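As a plain string of letters, each chain reads:
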Amino acid sequence: MQSYPISRRARRGMLLASVCAAGIFQAAPVSAQVEASAVPVAGTGFIDAVAPESQDSGLNITQAGAYTVKVSPEPDILIANPGTTVSARDPNNVTGIGQMIIDQGGGFVGLCTGTLINPRTVIFAAHCVNEAPGTDYGAATGGIPIGFGFENNLRANAPGETDELIRWLFGGADGTGQYETNTAQSFYNVNHVAYNPYSLEPDAQSFLYGDVALATLDTPAADVPTWALLFSPLPATDVTADGTGYNVGIYGYGSVGTGETGQTGGSDFRRRAAENILGALTDLETFEGFLFGGAPNGLTQNLYFLDFDDPRRGFSGASVFDFNAFRDNARTAEDGTPTEGITAPGDSGGPLILQNFSKQLVIGVLSGGYSRFFNGQAPYSYGAVSFYQPLYLYWDWIAENNPYHYVGTKTGNGQWTDANHWVSTLDPAYMILSGGQPVNGIPTTPGEQIFGTDGDFGQICYQTTDLSDCYDTSTGVETVTGDPIGTAGNNAGQGQVTAAGGFIDGIAPEAQADGTGTVLPSATLANGLPGATGFVPDNSDPDNTAGTAARYFDVTLAAAGTTTLSGADITIDRLTIGTADAGLVIASGASLTTLMNTTQFAGLNQVDGTLTTIGDYSLMGGGLLGSGRINAPYLTSVTGQIAPGTTTTVGTLTVGGNLVLASGSQLFVNLGDGTSDLLSVVANGTSLGTADLGGSVVFSPASGYSVKAGDGICLPDRGRRNYRDIR
C-alpha cells in the first residue's frame, strides 16, 4: 500500500462513520455521565474527551452479613467471553494479593486491592487513602480502621465458618476481633499508612500521578507469600499486530462482568484474575491528544496502559466499541481460549504482573482507567482502558517508606546493642534488569517520579472495520493501513505519515527539570538504601501522633564474628544464622524475641538467656548450646548439634515447646560427678512439651572429670526415642 497524506478532519470523519450511531460519551465523572451528541463535530481527535476514573470502590456492609449498595459498585476483573464471572475467580487461596478494607463509618467500607512485598508491607494506590493524612489511619491509635484480607474470598466459605470481614468490622460473637489481625484467616490490621505527596497536587486529581502508597501490618504475615518488584523500566520493543510482547497478569476484588456485558453485579469480595498484553508505556497527554485532540493536558508522567480487546475483533459479532486503543490482540491460552481481561473500580492499587520471566514481577500499581468511550457502551466492556503507576519511577520513595529492613552484621565480634556493628542489606524483593534478565538490585539513580517522561513504547490506535491509524510512541511515526489491526490482511502493506502533519502536533512529552538529583544519597536506615549503619535492630511500632513510622527487622548473621546480646530485651521479626563463621550469644538475663521464626543453617547459637520465637526454630545445621531457655512451638533439628551447657561444662538447656531431633542430629551430653547435661523439654502455651528423638547421643566427661564404672544417665521415659547411636 502506498504512503499517502490524509487530513485530520477527513480521517476523523472516516473513522467515526461506523460508530457514530452509537453516540459519543462526553467527559464526565463516573457518577454523572452526560450524553453527547451522536453527530461528530470536526476537531482534532477521534473521540470527544472522556475523563479517566480512579478505580477504588465503596459499599455498605451490615453486621448480619448481607450488604446493600449505597455507592454503585463497579467491577474489578472483567473477563473476555466465553469466560464467566465464575471461571475468572482465582482458584489459589492465599497468594499475597489482598483486598483493602477501610471502615468509613455508618456501615460504609472503602475497597481497593494491594500486594504484599514483605511480611509487613502492602503496596497499593494512594487515592485509596489520600482523602486523609496518612497519620490518621490505624484503629489501635484511634484512627481510621484499615486492614487487608489475603484469602481469595473474604467472606465465610460455608455456613458456620468464620466470616473474617464481618469479624474485623464488628467483632465476633463474643465481641472480640474487631480491628484485630486474624492470622488463621489471613486478615491483617494496619497500623500505619504512607502515600506519595505528589498525589495531593490538584492536577493529579488524587490518582493521575504519584498514586503509590504503602501500608504497614501490625503483625508479620509469616505464612503469606510475598512478591518481588521490578525497579527497571521495560525496554522498548518492536510492536507487531500481537502487541509489545510483554505479557501481564492482573488481579483484583470487586464486582463481576464480562467483555460483552460490562459490569453486571456488586462486589462479592472474591479475588479474580485475568491476563492481558501491556499496551504501552506513555503518558496521558499523548494518549488523550491522539484520541481526543485539543490542547495538551500537561499530564506527562509515563504510565503503563492496557486495553480490553475483543477476541472476535475483525470477525462477525465483534464489539463495535473496541477500537484497539493499543495495538495488540486479545490474550489467549495455548489452546486458544481467551484469557483477556481488564480492571475497574475495586481493583485500584492492584498489581500489574510481568509474566515474561520464570519469576513473576510486579511492575506497576493500578490507578484508574476509561470505563467507556461511547454512548451505548457498557462500562468496562470491550474497548475499556486501564493505566498503572510504573514502580521504577517511584522505587526510592518505596524504599524510603518501606518499614521492613533486612540487616546483617559487619565482620568481627560485637555487641547487639552497638549501632556500629550493623549494616542494612539489599531487600530481596527489589529487582532490576541486567543483561535482559531480572537480578536482585536497585537502580543507580533516583526514581524520576512525576518527571519520568521518557522511554515510551507501544502504539496508540484507532480502528474501524476498514481502516486503522496508529501512532508509535517510541518513534513518533504514525501508520495508516487499509484494514484493521489484528486481522489476516493486516501488514500486507502499510502507509506511513509523520506526526508533523497529524493531529498530535505539540503534545509529545518534553523533558522537565528532574529535581531529584542524578546520584543516590548516602545510605541511611531512613532512606532504605542498602549499606546503612548507625542503628540497633529492635522493632518499633509507629507513633502516628508524632508522625514516626514503624521499623521492623529481618536479621541475618552471615559475616564472620560473634554477636553478643547482653543486658537488653530485643524484638525482631525474623532471625537467620547463615554461615559457619557466624555466631550469636544471648547472655544470661538478656532476651531475644522473633515474631516469625528462627532458622539456623550453620554457625553457633549459645542461649544462656531467653530466645522466644513465635514460629518454629529450625536447626538445619550448626551448633546450639547454652544453659538458658528456648520458647518455640517446635525446635526441629535436621543435622544440628545440641550441647546443653557448653562443649566442656555441664548445664541445662530448656525447650519450652516440642522437640524433634531428626536422624542427622547429634546430642552431646557431658557427664560430671553426680550430674550431667540436661535437655529439658516442657509444655509451653498450646505446645505440650513432647520430644521425638532420633540421631546420635555422644557422652563425654565434663572438664576435670573422669568417667568411672557404674556411671549412668537416665533417658526420657515419655515421647518417642529412636536413637541410632549412643556413645
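Quick caveat: nothing in here was measured; it's all calculated off a predicted structure. Here the residue numbering is sequential within each chain, running from 1 through the sequence in written order. Local features in this predicted model are restricted to residues of pLDDT 70 or higher, and side-chain atom pairs are both shown and tallied only at a pLDDT of 80 or more, whereas totals for entire chains, interfaces and linings draw on every residue. With hydrogens and water stripped out, all remaining heavy atoms of the structure feed into the side-chain values.

### Here's the deal with the overall build of the chain
Check the secondary structure of the chain and you find four helices and 48 strands. Throughout this description, buried means an accessible area under 20% of the type-specific maximum (1.4 Å probe, protein chains only), exposed means over 50%, and partly exposed covers the range between. Here the chain, with 727 residues, has 56% of them falling under the buried criterion. Residues are treated as being in contact if the distance between any of their heavy atoms lies within 4.5 Å. A separation threshold of at least 6 residues defines the contact pool for the chain, and within that pool the share at least 24 residues apart is 66%. Surface accessibility follows the Shrake-Rupley procedure with a 1.4 Å probe radius. Residue values consider only the protein chains on display as shielding. Surface accessibility of the chain: about 26900 Å² in total, with carbon and sulfur atoms responsible for 51%. Going along the chain from the N terminus, every DSSP run of H or I of four or more residues is numbered as a helix, and every run of E of two or more is numbered as a strand.

### As for a nonpolar patch on the surface
Nonpolar side chains collect at one region of the surface, where Phe601, Met620 and Val638 lie side by side and expose about 240 Å² of accessible area between them. A relative accessible area of 47% means that phenylalanine 601 is categorised as partly exposed. Each patch is assembled from residues with relative accessible area greater than 30% and no salt bridge, linking like charges that lie within 9 Å and nonpolar side chains (Val, Leu, Ile, Met, Phe, Trp, Tyr) that lie within 5 Å. The rule for a salt bridge is simple: a side-chain nitrogen of Lys or Arg has to be within 4 Å of a carboxyl oxygen of Asp or Glu.

### Examining the pairing of strand 25 (residues 430-434)
What makes two strands pair is DSSP finding at least two bridges between them. As judged from the two bridges shared by strand 11 (residues 228-230) and strand 25, these two strands associate in the parallel manner. Opposite leucine 229, over in strand 25, you have tyrosine 430 as the bridge partner. For strand 25 and strand 26 (residues 437-440), the ladder comprises four bridges, and the chain directions are antiparallel. Among the inter-strand pairings, leucine 433 is bridged to a residue of strand 26, identified as proline 438. What sits between strand 25 and strand 26 in their antiparallel hairpin is a turn of two residues, with glycine 435 showing a positive phi close to 60 degrees.

### Notes on the pairing of strand 27 (residues 457-463)
Of all seven residues that make up strand 27, seven are buried, and the element is covered over most of its length. Side chains Phe457, Gln459, Cys461 and Gln463 project from strand 27 onto one buried face, and the interleaved Gly458, Ile460 and Tyr462 project onto a second face that is buried too. Direction of pairing for strand 27 relative to strand 28 (residues 468-472): antiparallel, over a ladder of five bridges. Note that in strand 28 the partner of cysteine 461 across the bridge is cysteine 470.

### Concerning the nonpolar core
Definition used in this section: a nonpolar core is a set of buried Ala, Val, Leu, Ile, Met, Phe, Trp, Tyr and Cys residues joined via side-chain atoms within 4.5 Å. Core analysis: the biggest nonpolar cluster contains 76 residues, and Leu278, Phe287 and Tyr304 have the highest contact counts within it. At six residues, strand 20 (residues 361-370) tops the list of elements feeding residues into this core. Grouped together as the second largest cluster of nonpolar side chains are 40 residues, Trp416, Leu557, Leu565 and Leu575 included.

### Regarding the state of the cysteines
What we call a disulfide is simply a covalent bond connecting the sulfur atoms of a pair of cysteines. Cysteine sulfurs are considered disulfide-paired once they come within 2.5 Å of each other. Summed over the entire model, instances satisfying the criterion amount to two disulfides. One disulfide bridge connects cysteine 112 with cysteine 128, the sulfur atoms lying 2.1 Å from each other. Measuring handedness by torsion sign, the sulfur bridge of cysteine 112 and cysteine 128 sits at about -95 degrees and is left-handed. Separated by 16 residues along the polypeptide, cysteine 112 in strand 6 (residues 108-118) and cysteine 128 in the loop between strand 7 (121-124) and strand 8 (146-149) bring together distant segments of the chain. For the pair cysteine 112 and cysteine 128, a shared accessibility class is recorded, and that class is buried. In this model cysteine 461 forms its disulfide with cysteine 470; the gap between the sulfur atoms is 1.9 Å. The chirality of the disulfide connecting cysteine 461 with cysteine 470 is right-handed, given an S-S dihedral of about 110 degrees. Each bonded cysteine in the chain gets a number by its place in the sequence, and the pairs come out as 1-2, 3-4.

### Brief notes about the pattern of salt bridges
Throughout the structure, instances matching the rule amount to 11 salt bridges. Note that arginine 312 is salt-bridged to glutamate 260, the shortest N-O span being 3.0 Å. Here arginine 312 is found in the loop between strand 17 (302-307) and strand 18 (341-342), whereas its partner glutamate 260 is found in the loop between strand 13 (256-258) and strand 14 (262-265), with 52 residues between them in sequence. A relative accessible area of 28% places arginine 312 in the partly exposed class. With a shortest N-O distance of 2.9 Å, aspartate 268 and arginine 272 are connected by a salt bridge. What emerges from the salt-bridge pattern is a single network uniting Glu260, Asp310 and Arg312.

### Focus: unusual backbone geometry
Phi at glutamine 205 takes a positive value of approximately 50 degrees, unusual for a residue other than glycine. Tracing the chain through its elements places glutamine 205 in the loop between strand 9 (187-195) and strand 10 (213-217). Within the chain, tyrosine 380 stands out as a residue other than glycine whose phi angle is a positive 65 degrees. Tracing the backbone shows tyrosine 380 in the loop between strand 20 and strand 21 (385-390).

### Observations concerning the packing of aromatic side chains
Ring pairs shown here join Phe, Tyr and Trp side chains whose ring centres sit within 6.5 Å, with only the six-membered ring taken for Trp; geometry is labelled stacked below 30 degrees between planes, edge-to-face above 60, and tilted in between. Under the criterion given, the structure shown has 28 aromatic pairs. When the ring of phenylalanine 287 is compared with that of tyrosine 370, the centres are 5.3 Å apart and the planes differ by 55 degrees; the resulting orientation is tilted. With phenylalanine 287 in helix 3 (residues 284-292) and tyrosine 370 in strand 20, this residue pair connects regions lying 83 residues apart in the sequence. In terms of burial, phenylalanine 287 and tyrosine 370 fall into one category: buried. Three or more aromatic residues joined by ring pairs make a cluster, and in this case those are Phe207, Phe287, Phe292, Phe305, Phe321, Phe323, Phe326, Tyr370, Phe373, Phe374, Phe387 and Tyr462. Criterion for a charge above a ring: Lys NZ or Arg CZ within 6 Å of the ring centre, and within 35 degrees of the ring normal. The positively charged end of arginine 120 is found above the aromatic ring belonging to tyrosine 552, 3.5 Å away from the centroid.

### Describing helix 3
Helix 3 sits mainly inside the fold: nine of its nine residues count as buried. Within the span of helix 3, buried status applies to Leu284, Glu285, Thr286, Phe287, Glu288, Gly289, Phe290, Leu291 and Phe292. Where helix 3 is buried, its residues touch strand 16 (280-283), strand 17, strand 20, strand 21, strand 27 and strand 28. Distance and chemistry together define a polar contact, namely a pair of N or O atoms within 3.5 Å, with one atom able to donate a hydrogen and the other to accept it when in protein, and with adjacent residues in sequence counting only for side-chain atoms on both sides. The residue sitting at the N-terminus of helix 3 and contributing the capping side-chain oxygen is aspartate 283; that oxygen lies 3.0 Å from the backbone nitrogen of glutamate 285. Backbone geometry just downstream of helix 3 places glycine 293 in the positive-phi region, at approximately 70 degrees.

### Some thoughts on the confidence of the model for the chain
With 81% of its residues at a pLDDT of 70 or more, the chain shows a mean pLDDT of 83. A low-confidence stretch, residues 1-44 stays under pLDDT 50, and its non-local contacts, those more than four residues away or across chains, total 96 contacts. For every residue, the predictor states its confidence as a pLDDT score lying anywhere from 0 to 100.

### Side note on the environment of alanine 526
Looking at the secondary structure, you find alanine 526 in the loop between strand 30 (495-498) and strand 31 (552-557). Between the alpha carbons of alanine 526 and glutamate 400 there is a distance of 6.1 Å; along the sequence they are 126 residues apart. Setting aside residues no more than four positions away along its own chain, alanine 526 makes contact with Glu400 and Arg551.

### Observations concerning the side chain of asparagine 118
Along the chain, the position of asparagine 118 falls in strand 6. Polar side-chain contacts of asparagine 118 include one of 2.9 Å to the backbone nitrogen of arginine 120. Side-chain polar atoms of asparagine 118 contact the backbone nitrogen of threonine 121, separated by 2.9 Å. Dropping the residues within four chain positions of it, asparagine 118 is found in contact with Thr226, Asn402, Tyr404 and Tyr406.

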